[in-house]
Amino acid sequence: MSKKQDNKKQDEVETTGHSWDGIEEFNNPLPKWWVWCLYATIVWAILYTIAYPAWPMIKGATPGLLGYSTRAEVAEDIAAVDAANAELIAKLAAVDLTTITDDAELHGFAVNGGGAIFRANCSQCHGSGAAGTTGFPNLLDDDWLWGGTIEDIVYTVTHGVRNEQSLDSRYSEMTAFDEILTDEEITGVVNHVLAISGQDHDPAAAELGATVFYDNCAACHGDAGEGMDALGAPTLTDAIWLYGGDEATITETVRYARFGVMPAWSAEYRVGSGLDQAEINAVAAYVHQLGGGE
Amino acid sequence: MSSSETPPSLYEAREPVFPRKVKGTFRSLKWLIMLATLGVYYITPWIRWDRGPALPDQAVLIDLANRRFFFFWIEIWPHEFYFIAGLLIMAGLGLFLFTSALGRVWCGYTCPQTVWTDLFIATERWLEGDRNARVRLWKSKWDLKKWRLRLSKWFIWVIIGLSTGGAWVFYFTDAPTLAVGLLNGTAHPAAYTTMAILALATVFFGGIAREQVCIYACPWPRIQAAMMDEDTITIGYREWRGEPRKDSDAVQSGEPMGDCIDCMACVNVCPMGIDIRDGQQMECITCGLCIDACDDIMAKTGKPRGLVDYFALKDEPVERAGGAPLPVWKHVFRPRTILYTVLWSLVGFGLLFALFIRSEIDMTVAPVRNPQFVTLSDGSIRNAYDIRLRNMYGDMREFEITATSDAVLRVEVEGEEASDTIVTVAADETTLVRVYVMSGRGEAASAAERTDIRFWVEDLESGDRSHQDTIFNGKGN
């Protein structure tokens with residue numbers, strides 16, 4: 001960028017020789033290397049479009065000589081992650097679940113993976129936060145219909161509840177007492193249930209209901225209404241109600257019974273869309289640590 | 001079109017610059033600054049600083065993998081990035097201050113581009129000789145001697161470039177470990193790649209592109225003009241003293257000669273390849289080498305120094321009229337520079353204050369909102385919170401989590417016994433725990449829609465405490 005050593009003054013800028021209506025065009029030349037950089041980028045762009053997918057055609061774009069595709073790269077990345085996790089997944093499928101919390105890495109892997117499986121497969125009924133809704137159990141609380149140990153949860157997930165897919169599914173059936181008991185007896189037993197769960201009730205009706213309860217309900221729900229996990233018979237003395245704990249809802253339950261179902265998630269029963277053992281263990285570990293696991 | 005001649009070229013090749021060797025005050029100052037800046041840059045990663053077994057013992061370390069920045073006794077976490085932002089703002093304001101007071105002093109003395117270019121030119125001069133020898137070499141054919149000189153120059157440039165890139169990677173990981181790894185070939189490929197890129201960039205910018213970076217690539221000189229005014233100290237030629245120069249038409253026609261003997265010393269030493277006698281111009285980085293060159297000539301011709309000199313534009317009419325210029329401090333202390341100094345100091349004090357009041361422990365509380373609460377079988381209401389505990393100490397600490405509220409609440413930590421709310425947090429780490437807060441059946445917080453609560457975390461060893469306010473959701477009936 002040397003200014004010529006001819007004492008040329010600043011205002012003596014060369015002109016291009018172009019002149020319109022007496023207005024001249026100055027020539028402040030660009031450095032040559034700058035122009036070469038421009039040409040280099042053009043050459044680069046052409047080579048790039050040859051080497052990589054570039055030109056849009058009717059069906060897809062030109063593939064490029066290097067055969068690169070972002071989709072293939074994603075597939076590779078996924079395969080790499082699977083390969084990296086293969087050891088953990090094998091370990092998870094074979095682990096004794098009662099001691100899974102001892103292995104922090106495996107437990108973390110199971111809980112994170114289980115969370116994803118839960119959101120994909122379970123959240124439709126149990127809710128994305130696992131809080132359930134009417135008829136679909138809340139998995140965060142400390143009340144379990146079929147048991148809340150991690151092994152109980154694995155069994156429930158594998159075989160489901162009251163389905164015809166797995167012969168080993170959790171199964172029980174409440175009787176609909178609408179045509180078995182008189183209206184008076186039903187009112188009585190409902191008031192008895194209200195009484196044992198600590199709610200407002202009619203003491204006289206409840207007294208009658210106690211006998212009715214003992215004769216008809218205690219076989220499954222227990223003498224004191226404490227429930228029975230083996231039969232999926234809910235505890236009637238606590239504050240948790242799957243369908244609702246008010247008089248009208250309990251009456252409806254007694255009259256017409258309930259029959260909640262859950263699919264069997266094992267791939268054995270859901271061919272093509274089921275969960276393998278590692279996935280079942282993962283989702284069980286996830287549900288178990290939500291706050292209610294036993 | 002008025003002309004049918006061949007039009008002049010619209011593009012021009014670079015005119016190579018061969019700065020001559022020069023001695024003097026400003027050259028010495030530049031050597032000192034080069035020694036200091038490059039010394040700090042190359043040596044800093046090797047300084048050790050003991051922080052205990054859990055933390056690295058490198059005094060200055062940007063640990064990207066673990067997201068920590070260590071600076072002697074200070075450790076910066078990612079959430080404290082405002083310190084870096086603050087330092088950058090201070091650097092910006094500092095540049096504004098120096099530019100408005102002393103012109104392009106950053107460009108002339110401390111800019112890495114200038115310092116490395118200076119170093120590369122010094123190498124070139126040492127190998128190939130001074131200006132005239134280099135011009136001859138440049139014009140000569142590519143014979144054995146030229147190849148030998150060029151190759152040895154490029155070799156030394158690449159060595160300088162490699163050590164520059166090498167010093168850079170040492171800031172990001174333990175320097176001695178990496179140095180051994182680099183030598184025996186076991187270092188991470190990223191280290192080699194970074195070094196190679198930086199080595200090539202250094203050779204390219206400092207050895208080949210040189211002044212073109214300042215003229216064409218750097219935006220800073222274009223912005224600097226906005227900070228300069230008539231009081232800014234800059235380099236100029238006292239043409240009222242120098243002109244008419246020797247051999248000019250005016251002198252030949254009998255006018256008395258000025259001080260300038262047109263020896264071209266100022267032009268020959270200029271690393272930007274300009275003639276300062278044309279006035280202050282875009283390319284000038286105010287490095288002061290032309291002042292040294294001219295002072296040397298003035299001493300030889302028995303004239304006072306300062307024909308080319310640092311001065312403020314405001315003094316020009318005064319000096320032209322024969323008056324004395326204002327002392328430098330009167331140019332430097334003016335509202336604009338004082339304002340920049342005040343702003344710079346405010347940011348600086350703010351950062352220092354923030355540094356001294358920052359807490360070594362902290363927590364963030366994220367209430368779980370899906371669902372807002374859970375009813376337990378005994379009828380009590382439970383809320384869950386994800387609490388992240390932060391331990392910035394260099395050793396493991398035990399944190400106790402408690403909650404205070406107007407209502408009666410019980411606190412439990414997931415995975416711990418009911419009465420145990422102490423969580424161990426590893427040195428220089430964070431730990432995420434799920435905390436459950438319970439309110440009994442029918443109690444105030446269960447019945448209310450919302451209850452304010454405050455979580456406390458206490459480091460049992462130091463007694464440091466920190467708190468976060470949040471809410472407890474009840475049934476609201």
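Since we're looking at a predicted model, the values are computed, not measured.

Student: Explanation requested: the pairing of strand S9 (residues 381-391) of chain B in the structure shown.
Tutor: The two faces of a sheet get side chains in turn, since along a regular strand they alternate between them. All names here are of chain B. Across the 11 residues that make up S9, a large majority, nine, are buried. Inspection of the sheet shows strand S7 (residues 361-367) paired to S9 by seven bridges, in the antiparallel sense. By the bridge assignment, Ile361 is partnered in S9 with Asn391. Note: strand S8 (residues 374-375) against S9, two bridges, orientation antiparallel. Residue pairing across strands places Val374 opposite Arg382, the latter belonging to S9. Taking the residues that link successive antiparallel strands as the turn, the S8-S9 hairpin has five residues, and the phi of Gly379 there is positive, at about 90°.

Student: Whenever I open this one, the sheet that holds strand S4 (residues 74-76) of chain B confuses me. Can you help?
Tutor: Pairing between the strands of a sheet comes from backbone hydrogen bonds, and it takes one of two forms, parallel or antiparallel. All names here are of chain B. Sheet architecture is open: three strands sit in the order S2-S3-S4, paired in antiparallel fashion. Strands at the two margins of the open sheet, each flanked by one partner only, are strand S2 (60-63) and S4. Neighbour-to-neighbour, the strand axes of the sheet open up by a mean angle of 10°, direction not taken into account.

Student: Is there a simple way to explain the interface of chain A and chain B in this structure?
Tutor: A common measure of how large an interface is: the accessible area buried when the components associate. Between chain A and chain B, the contact holds 35 residues from the first and 42 residues from the second. Each partner contributes to the roughly 3,200 Å² buried at the junction of chain A and chain B, and carbon and sulfur atoms together form 51% of this total. At the boundary of chain A with chain B, the tally comes to zero salt bridges. Where chain A meets chain B, there are nine residue pairs in polar contact (both at pLDDT 80 or more). At the level of secondary structure, the elements contributing two or more residues to the side of chain A that touches chain B comprise strand S1 (15-20), strand S3 (30-31) and helix H1 (32-51) of chain A. Top contributing element to the side of chain A that touches chain B by residue count: S1(A), with five residues. Here the residues of the side of chain A that touches chain B sort into 11 nonpolar, 16 polar and eight charged. Pairing of S3(A) with strand S1 (residues 11-12) of chain B, which is carried by two bridges, proceeds in the parallel orientation.

Student: Help me out: how do you make sense of the environment of B:Leu61 in this one?
Tutor: Residues and elements named next belong to chain B. With respect to the helices and strands, Leu61 occurs in strand S2. Take Leu61: its relative accessible area is 4%, and that puts it in the buried class. Leave out the neighbours within four places in its chain, and Leu61 touches Pro56, Arg68, Phe69, Phe70, Tyr171, Phe172, Thr173 and Asp174.

Student: Can you help me understand the domain arrangement of chain A in this one?
Tutor: Residues and elements named next belong to chain A. In terms of domains, chain A is made up of domain 1 (86-169 + 265-288) and domain 2 (183-256). On a C-alpha basis, the centres of domain 1 and domain 2 stand 31 Å from each other. Contacts between the two partners involve 13 residues from domain 1 and, on the opposite side, 12 residues from domain 2. Between domain 1 and domain 2, a total of about 850 Å² is buried, with carbon and sulfur atoms accounting for 57% of that surface. In this structure, the connection of domain 1 to domain 2 is made through zero salt bridges.

Student: Got a minute to help me understand the confidence of the model for chain A in this structure?
Tutor: Predicted coordinates in regions of low pLDDT should not be interpreted in detail. The predicted model of chain A averages 91 in pLDDT, with 96% of residues at 70 or higher. Across residues 1-10 of chain A, where pLDDT falls below 50, the model places 27 contacts with residues more than four positions away in sequence or in other chains.

Student: Would you take a moment to explain the pattern of salt bridges for this structure?
Tutor: Proximity of charged atoms lets side chains of opposite charge pair with each other. Residues and elements named next belong to chain B. This structure, assessed with the given rule, holds 42 salt bridges over all chains. With a closest N to O distance of 3.9 Å, Lys30 and Asp118 form a salt bridge. Separated by 88 residues along the polypeptide, Lys30 in helix H1 (residues 25-43) and Asp118 in helix H4 (residues 112-128) bring together distant segments of the chain. Lys30 sits in the buried class, given a relative accessible area of 5%. Note that Asp130 is salt-bridged to Arg125, the shortest N-O span being 3.8 Å. Here the salt bridges share partners, and the residues they tie into one network are Glu124, Glu128, Arg134, Arg150, Lys153 and Arg210.

Student: Just to check I follow, could you spell out the packing of aromatic side chains for this structure?
Tutor: Think of a pair of aromatic rings as described by two things: how far the centres are apart, and how the planes are tilted against each other in angle. All names here are of chain B. By the definition in use, this model includes 24 aromatic pairs over all chains. Put simply, the rings of Tyr41, Tyr42, Trp116 and Tyr171 touch in pairs and so form one group of aromatic residues. Over the ring of Trp31 we find Arg27; its NZ or CZ atom is 3.8 Å from the centre of that ring.

Student: Is there a simple way to explain the packing of helix H6 (residues 183-196) of chain A against helix H7 (residues 203-216) of chain A in this structure?
Tutor: The axes of two packed helices give the description: the angle between them and the distance between them. Residues and elements named next belong to chain A. H7 packs onto H6 with a crossing angle of 95° between their chain directions and a minimal axis gap of 6 Å. In terms of orientation, H6 and H7 fall into the roughly perpendicular class. Between H6 and H7, the residues in contact are Glu184, Glu185, Thr187, Gly188, Val189, Asn191, His192, Val193 and Ala195 and Ala205, Ala206, Leu208, Gly209, Ala210, Val212 and Phe213, respectively. Tallied by class, residues from the contact of H6 with H7 come to nine nonpolar, five polar and two charged.

What counts, and where the lines are drawn
Residues numbered from 1 in each chain as written. Chains lettered and ligands numbered in written order. Predicted model: local features only at pLDDT ≥ 70, side-chain atom pairs only at ≥ 80, totals over all residues. Heavy atoms only, no water. Buried < 20%, exposed > 50% of the residue type's maximum accessible area, 1.4 Å probe, protein only. Helix = DSSP H or I, 4+ residues; strand = E, 2+ residues; numbered from the N terminus. Pairing = 2+ DSSP bridges. Axes fitted to C-alpha atoms, helices over the stretch in contact; angles between N-to-C directions. Contact = heavy atoms within 4.5 Å. Buried area = accessible area lost by both parts, 1.4 Å probe. Salt bridge = Lys/Arg side-chain N within 4 Å of Asp/Glu carboxyl O. Polar contact = N/O pair within 3.5 Å; in protein donor to acceptor, adjacent residues only side chain to side chain. Nonpolar A, V, L, I, M, F, W, Y, C, P; charged D, E, K, R; others polar. Domains from an automatic or database assignment. pLDDT = per-residue confidence, 0-100. Phe/Tyr/Trp six-rings, centres within 6.5 Å; stacked < 30°, edge-to-face > 60°. Lys NZ or Arg CZ within 6 Å of the ring centre and 35° of its normal. Parallel < 35°, antiparallel > 145°, perpendicular 65-115°, else oblique.

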